[in-house]
Amino acid sequence: MGLLHADRLFPIEEGARALARALHGSVKDLPIVSPHGHTDPRWFAENEAFPDPARLFVTPDHYVFRMLHSQGIPLEAMGVPRADGGPTETDGRTIWRLFAANYHLFRGTPSRLWLDHAFSEVFGLERRLSAGTADASYDHIADCLSRPEFRPRALFERFGIEVIATTESARDDLRWHRMIRESGWQGRVITAYRPDAVVDPEFAGFADNVAALGELTGEDTATWQGYLAAHRKRRAYFKEFGATSTDHGHATARTEDLPQAEAAALLAKALKGTCTPDEADAFRGHMLTEMARMSLDDGLVLQIHPGSFRNHSQPVMDRFGRDKGFDIPTRTDYVRALRPLLSAVGGDPRLTVIVFTLDETAYARELAPLAGVYPALKLGPAWWFHDSPEGMRRFREMTTETAGFMNTVGFNDDTRAFCSIPARHDVARRVDSAFLATLVATGRLDEDEAFEVAQDLAYRLAKQAYRL
Amino acid sequence: MGLLHADRLFPIEEGARALARALHGSVKDLPIVSPHGHTDPRWFAENEAFPDPARLFVTPDHYVFRMLHSQGIPLEAMGVPRADGGPTETDGRTIWRLFAANYHLFRGTPSRLWLDHAFSEVFGLERRLSAGTADASYDHIADCLSRPEFRPRALFERFGIEVIATTESARDDLRWHRMIRESGWQGRVITAYRPDAVVDPEFAGFADNVAALGELTGEDTATWQGYLAAHRKRRAYFKEFGATSTDHGHATARTEDLPQAEAAALLAKALKGTCTPDEADAFRGHMLTEMARMSLDDGLVLQIHPGSFRNHSQPVMDRFGRDKGFDIPTRTDYVRALRPLLSAVGGDPRLTVIVFTLDETAYARELAPLAGVYPALKLGPAWWFHDSPEGMRRFREMTTETAGFMNTVGFNDDTRAFCSIPARHDVARRVDSAFLATLVATGRLDEDEAFEVAQDLAYRLAKQAYRL
Amino acid sequence: MGLLHADRLFPIEEGARALARALHGSVKDLPIVSPHGHTDPRWFAENEAFPDPARLFVTPDHYVFRMLHSQGIPLEAMGVPRADGGPTETDGRTIWRLFAANYHLFRGTPSRLWLDHAFSEVFGLERRLSAGTADASYDHIADCLSRPEFRPRALFERFGIEVIATTESARDDLRWHRMIRESGWQGRVITAYRPDAVVDPEFAGFADNVAALGELTGEDTATWQGYLAAHRKRRAYFKEFGATSTDHGHATARTEDLPQAEAAALLAKALKGTCTPDEADAFRGHMLTEMARMSLDDGLVLQIHPGSFRNHSQPVMDRFGRDKGFDIPTRTDYVRALRPLLSAVGGDPRLTVIVFTLDETAYARELAPLAGVYPALKLGPAWWFHDSPEGMRRFREMTTETAGFMNTVGFNDDTRAFCSIPARHDVARRVDSAFLATLVATGRLDEDEAFEVAQDLAYRLAKQAYRL
């Protein structure tokens, strides 16, 4: 029967399952709109072959290597690079065998769904990965990767991607985006403005980053007005490369709407490195409101991604650096935190603020009630660890009754694992189809409406919310 | 098939659905006991016709206008009155068309269930509301409202309401309740004692309110003993008009059991307006324990409704005033907060304290364990935003295993939307029937017991807990 | 049909139910591994008959007497002993009748499942307990208890217990464990090291407890090195009686990794009774890291059981003492709390730290992400109030997607209610079978894998994680 169950993620009862199947059938071939993610624009710019199966599926995917590590496998054994450049495993086949021999660890996880989908639909594999199938699958995938139809642009087209957004730092020169544009290739790859390094006083090298931002824009970023002007210029530059959104990954959801003189004074302290932690937090929070004000002018959608405790293990941070699977969600409050921004600009329907959470307890208690009344606020989809069948189901069950569907923004795959993109959208479309079928089967929605909403969730809301 | 699915909210699997249908059949025609709500006693006193469809269904219903507002529709366009008396839409048909054209926003929400139920069961409409059906439905409902059988008392009787409680402020003269009583009409409409304005030092006009309470009762409310005596007199007065409960809507669940001298000193500061926020909170918290002590004397049931952050948007508060859909639930702790009150009086089975929550995370973690051991404590039903099919299901799933059914108090409709009352009780009875049927189908309850519990949840527990 | 539904706790839909039945069939007769619990080793040492039905099922079971108390029944009426030795009900039959007449209170609770299972499977009763069946069931159970095949060792064997762990305080002489060993009986009853009384500066008699620990071990526990050495000796002593784990029940999950001099200074203050609450908390937290370091040497598994607010009612504490059903779960943070310990030793795969929670909001947000990456960390099963069908389901639904199955440790019955042990393991095996069947039915797991995982969850993981 292959790796994929045809009715996966649908309701179990046959009547509801049949309807879910029909709903999914009506959306499964819609183009993919990927308004937020972390693919590397260089792939599409250079269109080089991906190196080998392990470097495609294991080494760069924190979901994969964190699970193996949790069972005692050193990160080095999976080829994760060390901060000091020390030795790690470099043989793709050795890494792949380790991965395959531990594939049972992914039972019941979304990684398993994504991987099996890619193995099956992208590479045509039919047998479950295991120690026994490791070499055959490695050889098969490696062979595929050597062929032109598995290069990034070919896969982009085969995946039916209508538009994909990458994420670049405020100081990025967007060279790969420029190269894509100049290549004449028609794939729509756009950027998004991520200014953490120049709005967070606690970011490594903040003062230098801000100074460099000044050089880049010809503004005196040591002054508050010059600093704001530099942001405006960079936003405009990012817009030239298709950006329709900005993205902000703070530790908390705090926003502030400070008097301008106070914000200016905080910037000065931040540049001197004398902010207290609370002042740094206030500055970050105030900058969200400034960004929202800029959005009223330039139309960029504001995304807030709070609540991750980054680099939780000091030894792993020291040895391997950032982003090694040790970012852990924390409790996050939104009601008081978002109030300054929402009181300032939340009533303006020209603005779109999309808020995400890693704290599911906020869905029904805080976020749905807020998004269900403020014109500017929309809910981002289930995020990160919650971007899973159960997580997506909880998102719908806990937000829909108060926020409805139209205050949500469709799906974000949020991934750097390129081959998982079709899988992730497929999972989202299936979970939403199942949810809608259940509403119909329990008399909470008419069938014709369910087909309309399915289109909204799979395609229309993402385009509309992100202005794509 | 009309607007309502006959098996709505029942389990999908046919066997469990059949049992849920039978359970619901055994309770669906029971009288409605509505022990906590916000209908206007003036309706039943004067028995005037409701003005028009928009003023019945849109303008007064914060669930409805907040959802429309969330999509950018100004509150003025729905006829919501402005604080400054400035212009808002006054044409009922215009408001209704706007509502109808946006009816798709309510897909998947409980408002949709309540509205369709009222449209269908109260007014006999058969087609889904939409731009296309707006005028016809408006005309039909308007025509109904002009007829005697749609006046408040007639609907009260048609709805099968055995008793309904309204909520009045401590200083209310209860004139409408008096008028109902003197009219000779037999409908049982009772009041409930809501003293927020005279127990919360941060309530607008607190000192004046307390002084007025003194005048009303002939007590010297500037003294602690006089203040308590005034409460006792008002409670007795409310009891004359049927009150069996008091109601308290503080921002937190904090209770205190202070020495009397300390409480007296706080009152003095509160009257002078010199309480710190923490002192104000302590005073409110202490008054809950005083109210509980008074309940031991006069038998009134104490209701605690904590956890709403009121009037979240300052611009909306400034322009439209309180209660405009901007009350947002917050995280609420109960374990430490309720301890002073529970240690003081929670062991006394003569007392009934009913606690509600807007923070569902407390159901299984805090509230069910507390209600499952303290004789005086009972759990109020799923409240406000959680008064929905998913919210009610979560309430049962997260409280029953630790608190059982008998430490809950049946259903509260808690509404000012009169026509939604039968709908809301119907939703509760269906969700409970579904829950019970699921317990039976999974071997956790015998079928004969399920029928008994269904009666408890739909009727008996509310009467018993509220002493009706 | 008797007291037990053959397909209890399985999915309702027939296909998934059939698979759950098959999965359960494959594990239901596996031996019971009970790595954490509170049975009394004296039972197995002396092998005396249990006194009477009420003293077996009512008086010692806080789940039972707290529910009856919540409805106003005094603890005295259930024979719960008073702290002052004052009178309580002593007639077993009287207590039993009270229990039976209130058996409806347990509808929908796990206690009902456990009790019915014991009544049916252990004692062969066939009719539901009620006032009407009270005397007959009392007589029947009392008769059974007088027979040799209902003595503790006989039941231990009949229940198929492969190994059971009790929990003893650090200063316990383990006399009953010694007596079991010396008796020649082959039942495997092991101890676990619970040092709360000698690591918690706020524990009653802390300084005396530590001094006594010194005498017991011949170490000078007034010094930091002597104190640590005393722990090492006691751990070694407990290991002689089979211990494979230590257990720590702090109010919070706080850990610290202090410089040794600072820890030594805190010990000195603690012994003088001059610790502030924060210092006491820091000391407890630091001792967890010390215990983890000792575990690296001696191989004992470290269990952390945080988050209970103990003895919530002061009047009940005064009248009846500790452990009277008034321990209430509280909100617990893990991300910051566990970081010092995890940064110190969490990367070491030789160590096993098992963390439990009473705050389910941490499952998906904090605990699964932590256990899904740290080699040393594993998740304990759903605990205490959450050790129930809904609680276990939530545990799997909220942890599996991020932590997988292999970072969990099977089931703990955690009980002092001996006759409920087979019932509790049966509930866990059923709920897990249902969960696995649902994964298969929704295409998230292959059927052959489900059978393997069922073995893991019912048997293998507990043995492996606890090194049994």
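Not measured: the values here are computed from a predicted model.

## Thoughts on the relation of the copies chain B and chain A
So, step 1. It takes a turn of 120° to lay chain B on chain A, together with a shift of 0.0 Å along the axis; the resulting RMSD is 0.0 Å. Seen this way, the second copy is the image of the first under a three-fold rotation axis. It is E13 of chain B whose C-alpha, among those of chain B, lies nearest the rotation axis, at 3.6 Å.
So, step 2. The residues that chain B uses at the interface reappear at the interface of chain A in only 6% of cases, marking distinct surfaces.

## Topic: the domain arrangement of chain A
Residues and elements named next belong to chain A.
So, step 1. Split into domains, chain A comes out as domain 1 (14-48 + 151-465) and domain 2 (51-150).
So, step 2. Each of domain 1 and domain 2 has a C-alpha centre, and these two points are 28 Å apart.
So, step 3. Contacts between domain 1 and domain 2 engage 30 residues on the former and 28 residues on the latter.
So, step 4. For the pairing of domain 1 and domain 2, the buried interface totals around 2300 Å² over both sides, and the portion due to carbon and sulfur atoms is 63%.

## Concerning the interface of chain B and chain A
So, step 1. In this complex, chain B contributes 47 residues to the contact, which on the side of chain A involves 45 residues.
So, step 2. In total, about 3900 Å² of surface goes out of reach between chain B and chain A, with carbon and sulfur atoms giving 54% of it.
So, step 3. Scanning the region where chain B abuts chain A turns up 11 salt bridges.
So, step 4. Between R107 of chain B and E449 of chain A there is a salt bridge; the shortest N-O distance is 3.3 Å.
So, step 5. Those elements that place two or more of their residues in the side of chain B that touches chain A are α4 (62-70), α6 (110-122), α15 (314-320), β9 (328-329) and α18 (389-403) of chain B.

## Notes on the interface of chain B and chain C
So, step 1. Across the boundary between the two partners, chain B contributes 45 residues, which contact 46 residues of chain C.
So, step 2. Here chain B packs against chain C, burying approximately 3900 Å² in sum over the two surfaces, 53% of which is carbon and sulfur.
So, step 3. When the buried surface of chain B facing chain C is broken down by residue, R365, E401 and R444 of chain B rank first, second and third, together holding 19% of it.
So, step 4. Put simply, chain B and chain C have 11 salt bridges between them.
So, step 5. A salt bridge links R444 of chain B to E390 of chain C, with the shortest nitrogen-to-oxygen separation between them at 3.0 Å.

Definitions and limits used
- Residues numbered from 1 in each chain as written.
- Chains lettered and ligands numbered in written order.
- Predicted model: local features only at pLDDT ≥ 70, side-chain atom pairs only at ≥ 80, totals over all residues.
- Heavy atoms only, no water.
- Least-squares fit on C-alpha atoms with pLDDT ≥ 70 in both.
- Contact = heavy atoms within 4.5 Å.
- Domains from an automatic or database assignment.
- Buried area = accessible area lost by both parts, 1.4 Å probe.
- Salt bridge = Lys/Arg side-chain N within 4 Å of Asp/Glu carboxyl O.
- Helix = DSSP H or I, 4+ residues; strand = E, 2+ residues; numbered from the N terminus.

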